Amino acid sequence: MFKSPSFSWSLGPLISWNFPNQTVARARVRQARAGADASLARFDGTVLTALKEVEQALARYAGALDRNAALRRAEASSTEAARLSKLRFDYGADSFLLLIEAERDRADARSALAQSDAAVTDAQVSLFKALGGGWQDAAMPERRDPAAP
């Protein structure tokens, strides 16, 4: 008798009346609100995680760019030092050992700059992914034949 969500009464052959069970209805409304609140909390968490990833990727990218700029200046300086050392060696003012050291420093600076260029590229890719990149995996739209109607 009390198992359905409402009570049914009938009075006579043509009149029937249902008394709604408001407790069950209110519980369902509270359940729906709690589900909506949980969904909103998950969404907020996802957005915050995405913002954190973008912020970290931007910081890594900015750091990589700063380091790259410093290494470019260092490479330019070591190239100039090697050029001057070569001139001094040609005129007999420096020894061959000093020329070799200058060339080695230049090679080290170029190597560090190449590694920094790779780090900048990696940071760009990470930033691209954090910003939502990656749609290249999506199916390509079908190309229509221009002659087709």
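Details of the structure are given in the entry above.
Presented here is a report on the structure given in the accompanying data block. What you see is a predicted model; the values in this text were computed from it and never measured. (Residues numbered from 1 in each chain as written. Predicted model: local features only at pLDDT ≥ 70, side-chain atom pairs only at ≥ 80, totals over all residues. Heavy atoms only, no water.)

Structurally, Ala118 is set in helix H2 (residues 96-130). On the basis of relative accessibility, which here comes to 39%, the residue Ala118 falls in the partly exposed class. A C-alpha to C-alpha distance of 9.5 Å links Ala118 and Ala64, two positions 54 residues apart in sequence. (Helix = DSSP H or I, 4+ residues; strand = E, 2+ residues; numbered from the N terminus. Buried < 20%, exposed > 50% of the residue type's maximum accessible area, 1.4 Å probe, protein only.)

As a further point, take the side chain of Asp94. Counting through the fold element by element, Asp94 comes out in the loop between helix H1 (22-90) and H2. Judged by its relative accessible area of 18%, Asp94 is buried. Ignoring any residue separated from it by four or fewer positions in sequence, one finds Asp94 in contact with Ser85, Arg88 and Phe89. (Contact = heavy atoms within 4.5 Å.)

All chains considered together, the criterion is met by seven salt bridges. Between Glu80 and Arg83 there is a salt bridge whose closest N-O contact spans 2.6 Å. One end of the pair is Glu80 and the other is Arg83, both in helix H1 and three residues apart, which spans about a single turn. Taking the shortest distance from any N to any O, the salt bridge between Arg88 and Asp94 comes out at 3.0 Å. Of the residues examined, Arg88 reaches a relative accessible area of 43% and is grouped as partly exposed. (Salt bridge = Lys/Arg side-chain N within 4 Å of Asp/Glu carboxyl O.)

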